[in-house]
There are 4 protein chains.
Amino acid sequence: MIRVTAWNEFRHEKTDAKVKAVYPTGIHQCLADFLNRQDGIKARIASLDDPEHGLTDAVLDETDVLTWWGHAAHHEVRDEIVNKVAQRVHEGMGLICLHSAHVSKIFRKLTGSTGSLCWREANEKERLWIIEPSHPIAQGLPARFFEIEHDEMYGERFDIPTPDKLVFITWFPGGEVFRSGCCFERGHGRIFYFQPGHETFPVYYDRNVQTVIANAVRWAAPRGRHKLECPMVKELEPLPGR
Amino acid sequence: MIRVTAWNEFRHEKTDAKVKAVYPTGIHQCLADFLNRQDGIKARIASLDDPEHGLTDAVLDETDVLTWWGHAAHHEVRDEIVNKVAQRVHEGMGLICLHSAHVSKIFRKLTGSTGSLCWREANEKERLWIIEPSHPIAQGLPARFFEIEHDEMYGERFDIPTPDKLVFITWFPGGEVFRSGCCFERGHGRIFYFQPGHETFPVYYDRNVQTVIANAVRWAAPRGRHKLECPMVKELEPLPGR
Amino acid sequence: MIRVTAWNEFRHEKTDAKVKAVYPTGIHQCLADFLNRQDGIKARIASLDDPEHGLTDAVLDETDVLTWWGHAAHHEVRDEIVNKVAQRVHEGMGLICLHSAHVSKIFRKLTGSTGSLCWREANEKERLWIIEPSHPIAQGLPARFFEIEHDEMYGERFDIPTPDKLVFITWFPGGEVFRSGCCFERGHGRIFYFQPGHETFPVYYDRNVQTVIANAVRWAAPRGRHKLECPMVKELEPLPGR
Amino acid sequence: MIRVTAWNEFRHEKTDAKVKAVYPTGIHQCLADFLNRQDGIKARIASLDDPEHGLTDAVLDETDVLTWWGHAAHHEVRDEIVNKVAQRVHEGMGLICLHSAHVSKIFRKLTGSTGSLCWREANEKERLWIIEPSHPIAQGLPARFFEIEHDEMYGERFDIPTPDKLVFITWFPGGEVFRSGCCFERGHGRIFYFQPGHETFPVYYDRNVQTVIANAVRWAAPRGRHKLECPMVKELEPLPGR
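First, a word on scope: everything that follows refers to the structure included in this document. (Residues numbered from 1 in each chain as written. Chains lettered and ligands numbered in written order. Predicted model: local features only at pLDDT ≥ 70, side-chain atom pairs only at ≥ 80, totals over all residues. Heavy atoms only, no water.)

Below, the discussion takes up the overall build of chain A. Across its full length, chain A holds 7 helices and 9 strands. Taken over the C-alpha trace, chain A has a radius of gyration of 19 Å; the compact-globule value for 242 residues is 18 Å, and the two agree within 12%. In terms of principal-axis extent, the alpha carbons of chain A reach across some 75 × 40 × 35 Å. By the burial criterion, 67% of the 242 residues in chain A qualify as buried. Across chain A, contacts joining residues at least 24 apart in sequence account for 72% of those joining residues at least 6 apart. On chain A, roughly 8,200 Å² of surface is accessible, and the fraction owed to carbon and sulfur atoms is 51%. (Helix = DSSP H or I, 4+ residues; strand = E, 2+ residues; numbered from the N terminus. Rg over C-alpha atoms; globule rule 2.2 N^0.38 Å. Buried < 20%, exposed > 50% of the residue type's maximum accessible area, 1.4 Å probe, protein only. Contact = heavy atoms within 4.5 Å. Areas by Shrake-Rupley, 256 points an atom, 1.4 Å probe, with all protein chains shown as cover.)

What follows deals with the side chain of T114 of chain B. Turning to its location among the elements, T114 of chain B is positioned in the loop between α6 (105-111) and β5 (118-130). Side-chain polar atoms of T114 of chain B contact the side chain of D159 of chain B, separated by 2.6 Å. Sequence-distant contacts of T114 of chain B, defined by excluding residues within four places in its chain, comprise H90 and L228 of chain A together with H102, V103, R108 and D159 of chain B. (Polar contact = N/O pair within 3.5 Å; in protein donor to acceptor, adjacent residues only side chain to side chain.)

Within the secondary structure, L31 of chain D sits in helix α3 (residues 27-36). Between the C-alpha atoms of L31 of chain D and N8 of chain D, which are 23 residues apart in sequence, the distance is 9.8 Å.

Attention now goes to helix α5 (residues 79-91) of chain C. Residues and elements named next belong to chain C. The end-to-end C-alpha separation of α5 is 18 Å, in line with the 18 Å expected for 13 residues at 1.5 Å each. When α5 is considered as a whole, its buried residues turn out to be I81, V82, K84, V85, A86, R88, V89, H90 and E91. As for α5, its buried residues are in contact with α4 (57-61), β3 (65-69), β4 (94-98), α6 (105-111), β8 (177-186) and β9 (189-194). (Expected span 1.5 Å × (residues − 1).)

What follows deals with the interface of chain C and chain D. Taken together, the contact pairs 46 residues of chain C with 46 residues of chain D. Carbon and sulfur atoms make up 57% of the area that chain C and chain D hide from each other, which totals about 3,100 Å². On the chain C side of the contact with chain D, W119, C230 and V233 of chain C bury the most area, a combined 16% of that side's loss. For the pair chain C and chain D, the number of links is 2 salt bridges. The partner of E235 of chain D in a salt bridge is R120 of chain C, with the nearest N and O atoms 3.9 Å apart. Here chain C and chain D share 20 residue pairs in polar contact (both at pLDDT 80 or more) between them. Looking at the side of chain C that touches chain D residue by residue, the classes come out as 18 nonpolar, 14 polar and 14 charged. (Buried area = accessible area lost by both parts, 1.4 Å probe. Salt bridge = Lys/Arg side-chain N within 4 Å of Asp/Glu carboxyl O. Nonpolar A, V, L, I, M, F, W, Y, C, P; charged D, E, K, R; others polar.)

A few words on unusual backbone geometry. E156 of chain C connects to R157 of chain C through a cis peptide bond whose omega is 5°. Mapped onto the fold, R157 of chain C is located in the loop between β6 (145-155) and β7 (165-171). Unlike most non-glycine residues, E52 of chain D shows phi in positive territory, near 55°. By the secondary structure assignment, E52 of chain D is in the loop between β2 (41-47) and α4 (57-61).

Right, let's get into the side chain of R223 of chain D. Within the secondary structure layout, R223 of chain D lies in the segment after α7 (207-220). In this structure R223 of chain D is buried but unpaired, with E185 of chain D as the nearest side chain of opposite charge at 5.1 Å. In this structure the side chain of R223 of chain D is engaged in a polar contact, spanning 2.6 Å, whose partner is the backbone oxygen of S134 of chain B. In this structure, R223 of chain D is in contact with S134, H135, P136 and Q139 of chain B together with H188 and R190 of chain D, ignoring residues within four places of it in sequence. (Lys, Arg positive; Asp, Glu negative; His and termini not counted.)

With that settled, the discussion passes to the pairing of β7 of chain C. Residue and element names in this part refer to chain C. Within β7, 7 of the 7 residues are buried, leaving the element largely enclosed by the surrounding structure. Summarising the sheet, strand β5 (residues 118-130) and β7 pair through 4 bridges and their orientation is antiparallel. For R127, the partnering residue across the bridge sits in β7 and is W171. The pairing of β7 with β8 spans 6 bridges and is classified as antiparallel. Each residue of the ladder has a partner; that of L166, found in β8, is C182. (Pairing = 2+ DSSP bridges.)

The element α3 of chain D is extensively covered by neighbouring structure, given that 7 of its 10 residues are classed as buried. Listed in full, the buried residues belonging to α3 of chain D are I27, H28, C30, L31, A32, F34 and L35 of chain D.

For the pair chain C and chain D, the relating rotation is 180°, the translation along its axis is 0.0 Å, and the fit reaches an RMSD of 0.0 Å. What we have between these two chains is a two-fold relation. For chain C, the smallest separation between a C-alpha atom and the rotation axis is recorded for G112 of chain C, amounting to 2.5 Å. Most of the interface of chain C is mirrored in chain D: 100% of its interface residues are interface residues there too. (Least-squares fit on C-alpha atoms with pLDDT ≥ 70 in both.)

Rotating chain B by 180° and moving it 0.0 Å along the rotation axis overlays it on chain C with an RMSD of 0.0 Å. Same-surface contact between copies: 100% of interface residues of chain B are shared with the interface of chain C.

The accessible area lost on association of the parts is a frequent measure of interface size. The partner chain C presents 24 residues to the 24 residues of chain B that form the contact. One can count 2 salt bridges joining chain B with chain C. The tally of links between chain B and chain C comes to 10 residue pairs in polar contact (both at pLDDT 80 or more). Contributions of two or more residues to the side of chain B that touches chain C are made by β5, β7 (165-171) and β8 (177-186) of chain B. The dominant element in the side of chain B that touches chain C, judged by the number of residues it contributes, is β7 of chain B, at 5 residues. Each residue belonging to the side of chain B that touches chain C can be placed in one class, and the counts come to 11 nonpolar, 4 polar and 9 charged.

Attention now goes to the packing of helix α3 (residues 27-36) of chain B against helix α7 (residues 207-220) of chain B. Residue and element names in this part refer to chain B. Their axes nearest at 10 Å, the elements α3 and α7 cross at an angle of 75°. Here α3 is positioned roughly perpendicular relative to α7, judged by the angle of their axes. Of the residues in α7, those touching α3 at L31, F34 and L35 are Q210, I213, A214 and V217. (Axes fitted to C-alpha atoms, helices over the stretch in contact; angles between N-to-C directions. Parallel < 35°, antiparallel > 145°, perpendicular 65-115°, else oblique.)

Okay, the packing of aromatic side chains next. Residues and elements named next belong to chain B. This structure, assessed with the given rule, holds 58 aromatic pairs over all chains. Each ring, one from F107 and one from F158, has its centre 6.5 Å from the other, and the planes form 15°; the classification is stacked. Here F107 is found in helix α6, whereas its partner F158 is found in the loop between β6 (145-155) and β7, with 51 residues between them in sequence. Of the two residues examined, F107 and F158, each falls in the buried class. (Phe/Tyr/Trp six-rings, centres within 6.5 Å; stacked < 30°, edge-to-face > 60°.)

Let's shift gears to the sheet that holds β4 of chain C. All names here are of chain C. Strand order in this open sheet of 9 strands is β2-β1-β3-β4-β9-β8-β7-β5-β6, and the pairing throughout is mixed. Looking at strand neighbours, the two that pair on one side only are β2 (41-47) and β6, the edges of this open sheet. Each adjacent strand pair in this sheet contributes to an overall mean axis angle of 25°, direction not counted. Judged from the 7 bridges that link them, strand β1 (residues 2-8) and β2 form a sheet pairing that is parallel. Paired with R3 across the strands is K42, a residue of β2. In the packing of helix α3 (residues 27-36) onto the sheet, contacts are made with β1, β2, β3 and β4, and the angle to β2 comes to roughly 170°. Strand contacts of α5: β3, β4, β8 and β9, with the helix running at about 115° to β9, the strand carrying the most contacts.

Going through the model one piece at a time under the given rule, you end up with 0 disulfides over all chains. Considering cysteine sulfurs only, C183 of chain A is the nearest to C182 of chain A, which forms no disulfide, with 7.7 Å between them. Exposure remark for C182 of chain A: the relative accessible area of 0% places this residue in the buried category. Here C30 of chain B stays unpaired: no disulfide links it, and the sulfur of C97 of chain B, its closest cysteine neighbor, is 18 Å away. Relative accessible area serves as the criterion here: at 7%, C30 of chain B is assigned to the buried category. (Disulfide = S-S within 2.5 Å.)

Once that is clear, we can look at the pattern of salt bridges. Opposite charge on two side chains permits pairing when their charged atoms draw close. Here the structure, examined in full by the defined rule, presents 102 salt bridges over all chains. Where R11 of chain B meets E76 of chain B, a salt bridge forms, and the shortest distance between an N and an O atom there is 2.8 Å. Here E76 of chain B lies in the loop between β3 (65-69) and α5 (79-91) and R11 of chain B lies in the loop between β1 (2-8) and α1 (12-15), a separation of 65 residues in the sequence. Here K125 of chain B ties to E237 of chain D by a salt bridge, and the two come within 2.6 Å at their closest N and O atoms. On the criterion of chain membership, the pair formed by K125 of chain B in strand β5 and E237 of chain D in the segment after α7 is interchain, its members lying in two chains. Look at K125 of chain B and you get buried, because its relative accessible area is 18%. By relative accessible area, which is 8% here, E237 of chain D ends up buried. Via salt bridges that share partners, E52, D57, D61, K84 and R88 of chain A belong to a single interconnected network.

See the structure below:
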């Protein structure tokens, strides 16, 4: 059983009627709901305004994969929580960064990059081309590409390190392209960035989007937990002359 | 002309007679001296106990490549200086992290990793195998490998992201291996990690080590400076139905 | 059930008493035997002197992962069989290249490299350092490293493209290092190169070696089969002015 | 001085009036002409119907970087010439594969992939987004992207290994994306694939296209020549017990 915690800033849903209409119980609840319908995945939720942002040691101890959605309040996420989450990723926890998490503190910290990009809110269609059809994250999708009718545009240059694997590239009718599905590894943890999901559109109800996120959860699930430290060690072979 | 600033913690040289005997004016001065003998490179020095650690905006404005040596006082490097250096790297400045800089704040920040490894002070010989003989950083070296008679052992697993290019792997007689020359890119900047250089041995006087560092400076020199931001942009092509 | 075909040149075992003593029924049979004791894997054998080298369309149709051991007779492997195997890998079949398969036609064809390296038969111990402890291929191994008491030395520079992931680096007491566990992808297929296995030593009876090979088989098992072609396609969006 | 040989199939220009009107002396001559106007580059031409396809040992001995354009007659390129070119790349010669060279024998041989893609001749505009603005191949271009008014569409999935660096992604108005500028290394040689250049359009007269190709020539120029072989070597350190 892969234990997921779906983390959400959870502000737009409370203050913006348009967002609330789409995600009445929050983007995190929508994510947890469809993940809980998957075999072998059990999801719970956490959000910014919970004590310790809902990411206590007890919660993280029971989290194999964390999904992250944030947008307007990245700066309100406390550094000590970010550091704790980063350490968990280093030790093996998976992390799925969604949409505007490209400039979240945790994504920037783990990639070492700014996550900058260009953007436009114009309700454009987006078409996600499948660059690596054999990657675990691309299983169960239509051949070649899938589309989302309305979303925010995110365009290059996206400031990230060269991904280990580039699974999707998005085409936008307004003229841009975007590396929209990117795999990274840090320490013993796997990280997937996935671009779709502007808060005013029902993107996370989309069947293909749900397939990608569930696949990413399985791909990012830890294979063991490892402490990272710098141990002093003795020689394994006799050194010459001793 | 490539402008280098050689940064050094510069503490061991003041407090440890053994280190002072090897580097009477500091590791940074030794690095600056041999770099200043290279065509097309002009080097200055800076250190932890200088005001702003010697890394004022004025200095960074005139720095194309920064070399970094630190060991016992990583925690004393102020976060705002680290953040400023990271921004400069994102905008194009090169960074050469030497030896125990594997756990410096700046290396951890830019790689997103812990930099953990195992180590042993046993004055071992080390042999650096040249994995990419055609890489710019490997030019002018002996065929196949070069050796340093005495150095500290650094062994795997080294906690770093998969390097873009792995230029050297070190063999130690005590039984370890280490990815000792690693290239990364973050933002518009290039980063090279190079393992040799324990403070009690005259490693930075070694001709091959100097060749590697000078090559790395040339490789990491910026190709333009770029600001990183997230601009809102207009569509380039007419969107359907508008 | 993952269907493996263990392919072997199978010449040394017939002509060299020392090799025959170690592998009386051939290296391929040894590999098939331990793979058949694994859950979810079913292995058969094939060899150079079988009709079509044992790699008929019927056999390949029932092969998910092919393991390859060859040494003295690489040049006797017919090009049309190599081309057929390469096409299968492109379509999704996994390939595990063992030991001296580093200069097999199939490894050279799929990597685009020569596979050259340096070597020495001196019955040295080898110590395989685990560079990526969280990689699927490294699961179930001892912490940090494992050793094989006697094997042939293979040393850098190993002429391969930068691997997608470098899982192991071997240390040899005679002074060399070697990238001994390397992951590649070509088309829809996954390829793993694994260095241990000189024919005069019982390397493939070693428990850790068997763990690695079984892990590699699971990692390389196809996720679907895909034809590769260059289709002419119609525009998906109306072109301006039409 | 970087010595370039611009190789061309040179058939369309002789048989198709439309192509002849665009490139009266051949695509290779157009390429050589603008390269010869660059500082530090000296270019000659060669083509399929020359003896030995114009790629004699004498010519290759004087070639630092080879550019390759082929389309309808890939199969007429003799395997022994392809093998010789591949060996030169392994030894350090640069190779720039243009447009339909994605399925040339030499590109397939060196990448180990099929080079398959989808395509459409519809005279579409293409917009090349600059993914790595700091890469040597992207210097001197407009900010963010450049456009070519008419070209053939090449779309994903492009069957190549994960490039070392992905410099450009092309957007097409008909709805596709394409990894259009890809860096690889094989042996000691550097390889750049660049997508623009359908024979019926004056693409290689475009100033930005010329900038990219000249940059690529400089990037791919050899840093030394190296023979690749598998030498038997003696131990560097005394083996225990000898």
